Amino acid sequence: MPNDTAPLRHPAPSNADLAGHQHTPVLPLSDTVLDEIAAQLAVGATVIGIGESTRFSRETFGVRDQLFRRLVRDHGFRALAVQDSAGAAAALDAYVGGGGGGGGGGGSVASALDGAWRPWRTEEMATALEWIRAFNRDHADDPVRIFGVKPAQAAPADYDAVLAHVRASAPERLAQLAAHLDPIRTAHQIDEHVQRARGVHPGRPFAEHARDALALVESLPDAGAGADDVVARMRLIVQFHEHSVAGRGSYAGDAEVSADIVGDFQHATGLRTVYWDGIAHTSATETVLGLAPERGPQTTAGTLLRQRYGTQYVSAAIGFHHGDLGVAVLPDPGADLVDAKLGATDLPAHWLDLRHDDVRGQWDGPAKARVISGVYTPDRDAAEHLAVASLADAFDVLIHIREVTPVRRLP
């Protein structure tokens, strides 16, 4: 069923879905439709990129989560790549028991998510992890693995270690060091470019603070035991801020790094893999971001995965028409966006498989799709999109949800 246009029912969540967290959303897609979408995605696929047009919607996340569960349960997928650092994802993998044994790591799901990228720290993600953990308990010899698409990055513990070392070895320099580190560690809660967009940024670029902090640490005489480790941690902090969106001055990500990590992990393990990210990353072709059109077409991780895997890389996009995302209430999309055309049916949700010739013929061509990031403001709604030269080359499957509501943040 490549184009589901029948009215869709709202299934009640199962007991398994409700285990641990009692907040599984009621989705605007039936179990039957979700089964069919997952089956179509899985055909011939080694890596499936499932991208959302926003990270703030429980419905878009919920559909992606439910598709992932079916890909694992019914089609043998056993790896989940997430946009996060290797260390943060390793904590998630340990919690779900991806390393083997089936029991999973100790502690709570909230503690496992404590070091994760802020958009993952939601009740919806916690529910997804608990499902994976339960699956791994029942499949200890064939578990789901979780890994990050970014290299190791600085974490709050690195700031603590640097401060503790200077407190012990050069207490007279502690205040100077803290003046650099205290403001910039906030980027682990709210990205620096988002702070600027919201008008809460303290002013000086965080990368400059980080470089000055590194110079201070390197200048300390007779630093004593652990000095090399502290300098290494401080350099990791510098890299974190220099490579951030604000530090690079660009929304373009490290597509080559992410694609290599996904491909190399999949090749090394042989595991069929699902890749969760935004549609600007999972698109199988170059994209032009409406917030930075002057940069022109940008290579995505999905572009490189399509080059590496051919049609064994499948790209699915989950978008929406309007709704409350918590950060803002979104109006109807502009008439030039594919979301407006997809929403013209007034159905709760529907989907298209653009690999079918008749569907491709109707929908293919240059297109713009809504993308709502952390810097969204209603006054520039028209710029919150990405553009592709061919909708069908960028995305094999489109899933459209008419109205969305916000995810629930963990405390």
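The following refers to the structure shown.

What counts, and at which threshold
Residues numbered from 1 in each chain as written. Predicted model: local features only at pLDDT ≥ 70, side-chain atom pairs only at ≥ 80, totals over all residues. Heavy atoms only, no water. Pairing = 2+ DSSP bridges. Helix = DSSP H or I, 4+ residues; strand = E, 2+ residues; numbered from the N terminus. 1 Å grid on protein atoms, 1.4 Å probe; cavity = no way out; pocket = protein on both sides within 12 Å on 5 of 7 lines; lining within 4 Å. Points joined across faces, edges and corners; volume = space filled by probe spheres on them. Nonpolar A, V, L, I, M, F, W, Y, C, P; charged D, E, K, R; others polar. Salt bridge = Lys/Arg side-chain N within 4 Å of Asp/Glu carboxyl O. Buried < 20%, exposed > 50% of the residue type's maximum accessible area, 1.4 Å probe, protein only. Phe/Tyr/Trp six-rings, centres within 6.5 Å; stacked < 30°, edge-to-face > 60°. Lys NZ or Arg CZ within 6 Å of the ring centre and 35° of its normal. Axes fitted to C-alpha atoms, helices over the stretch in contact; angles between N-to-C directions. Parallel < 35°, antiparallel > 145°, perpendicular 65-115°, else oblique. Left-handed = near helix turned anticlockwise from the far one by under 90°. Contact = heavy atoms within 4.5 Å. Expected span 1.5 Å × (residues − 1). Arc of directions from axis to C-beta. Core = buried A, V, L, I, M, F, W, Y, C linked by side-chain atoms within 4.5 Å.

Some thoughts on the sheet that holds strand β9 (residues 367-370)
In a beta sheet, neighbouring strands are held together by backbone hydrogen bonds and run either parallel or antiparallel to one another.
And step 1. A sheet is described by the order of its strands in space; here three strands give the open sequence β5-β10-β9, paired in antiparallel fashion. Sheet topology places β5 (288-289) and β9 at the edges, where each strand pairs with a single neighbour.

A word on empty space enclosed by the protein
And step 1. All chains considered together, the criterion is met by three cavities of 30 Å³ or more.
And step 2. In this model, the largest cavity occupies a volume close to 100 Å³.
And step 3. Along its surface, the largest cavity is lined by 14 residues, and Ala317, Gly319, Asp339, Ala369 and Leu398 are the ones closest to its centre.
And step 4. Among the elements of the structure, β6 (313-324), α16 (338-342), β9 and β11 (397-404) are those that each provide at least two residues to the lining of the largest cavity.
And step 5. For the lining of the largest cavity, a count of residues per class yields ten nonpolar, two polar and two charged.

Some remarks on the pattern of salt bridges
And step 1. Per the stated rule, a full pass over the model turns up 26 salt bridges.
And step 2. Ionic pairing is found between Asp35 and Arg70, a salt bridge with its closest N-O pair at 2.6 Å. Of this pair, Asp35 sits in helix α2 (residues 31-42) while Arg70 sits in helix α3 (residues 58-75), placing them 35 residues apart in sequence.
And step 3. Arg145 serves as the salt-bridge partner of Asp93, at 3.0 Å between the closest nitrogen and oxygen. Here Asp93 is found in helix α4 (residues 86-96), whereas its partner Arg145 is found in strand β3 (residues 145-150), with 52 residues between them in sequence.
And step 4. Accessibility expressed as a relative area gives 7% for Asp93, which makes it buried.
And step 5. Residue Arg145 is classed as partly exposed on the basis of its relative accessible area of 26%.
And step 6. Residues joined in a network through salt bridges with shared partners are Asp31, Asp35 and Arg70.

What to know about the packing of aromatic side chains
And step 1. One pass over the structure, following the stated rule, counts six aromatic pairs.
And step 2. Between Phe68 and Trp276, the aromatic rings sit 5.6 Å apart at their centres with planes inclined by 70 degrees, giving edge-to-face as the arrangement. Pair noted here: Phe68 is in helix α3 and Trp276 is in strand β4 (residues 273-278), with a separation of 208 residues, a long-range link.
And step 3. Look at Trp117 and Trp120: their rings are 6.4 Å apart centre to centre, the planes differ by 75 degrees, and that puts the pair in the edge-to-face class.
And step 4. An aromatic cluster is present here, built from Phe61, Phe68, Trp117, Trp120 and Trp276 joined pairwise through their rings.
And step 5. In this structure, Arg133 packs its charged tip against the face of Tyr95, placed 4.2 Å from the ring centre.

Here we look at the packing of helix α10 (residues 206-219) against helix α11 (residues 227-242)
And step 1. The N-to-C vectors of α10 and α11 enclose an angle of 165 degrees; their axes lie 8 Å apart at closest approach. Comparing the axis directions of α10 and α11 gives the class roughly antiparallel. In this structure, α10 crosses over α11, and the sense of that crossing is left-handed. Side by side, α10 and α11 meet where Phe206, Ala207, Ala210, Arg211, Ala213, Leu214, Val217 and Glu218 of the first sit next to Val230, Val231, Met234, Arg235, Ile237, Val238, His241 and Glu242 of the second.
And step 2. Looking at side-chain class alone, the contact of α10 with α11 contains eleven nonpolar, one polar and four charged residues.

Quick look at helix α13 (residues 255-269)
And step 1. Here α13 contains 15 residues, and its C-alpha end-to-end distance of 21 Å stays within 8% of the 21 Å for a straight helix at 1.5 Å per residue.
And step 2. For α13, the full list of buried residues reads Ala255, Ser258, Ala259, Val262, Gly263, Phe265 and Gln266. The arc enclosing the buried residues of α13, seen along the axis, measures out at 160 degrees, which places them on a common side. Exposed side chains of α13 directed beyond 90 degrees from the buried face belong to His267 and Ala268.
And step 3. Contacts made by the buried residues of α13 are with β1 (47-52), β2 (79-85), β3, β4 and α15 (301-309).
And step 4. Directly beyond the C-terminal end of α13, a positive phi value near 75 degrees is found at Gly270.

Observations regarding α10
And step 1. Over its 14 residues, α10 runs 20 Å from end to end, which matches the ideal 20 Å to within 8%, given 1.5 Å per residue.
And step 2. Every buried residue of α10 is listed here: Phe206, Ala207, His209, Ala210, Ala213, Leu214, Leu216 and Val217.
And step 3. Lining the buried residues of α10 we find α7 (156-169), α8 (174-184), α9 (192-198) and α11.

Topic: the nonpolar core
And step 1. Counting 57 residues, the largest nonpolar core has Ile37, Val63, Leu67, Leu113, Met125, Trp276 and Ile399 as the members making the most contacts within it.
And step 2. Of all the elements, helix α6 (residues 123-138) adds the most residues to this core, at seven residues.
And step 3. Apart from residues no more than four positions distant in its own chain, Ile399 is found in contact with Leu29, Ile37, Val63, Leu67, Ala317, Ile318, Gly319, His350 and Trp351.

Things to note about the packing of α7 against α11
And step 1. One way to put it is that α7 packs onto α11 with a least axis distance of 9 Å and a crossing angle of 135 degrees. When the interaxial angle is binned, α7 and α11 end up oblique. Note on packing geometry: the crossing formed by α7 with α11 is left-handed. Here Ala157, Asp158, Tyr159, Ala161, Val162 and His165 of α7 lie close against α11, whose contacting residues are Ala227, Val230, Arg233, Met234, Leu236, Ile237, Phe240 and His241.

Notes on the environment of Pro348
And step 1. Tracing the backbone through its elements, the reader meets Pro348 in the loop between α16 and β8 (349-353).
And step 2. The sequence separation of Pro348 and Arg402 amounts to 54 residues, and the corresponding C-alpha distance is 5.2 Å.

The analysis is restricted to geometry; functional conclusions fall outside its scope.
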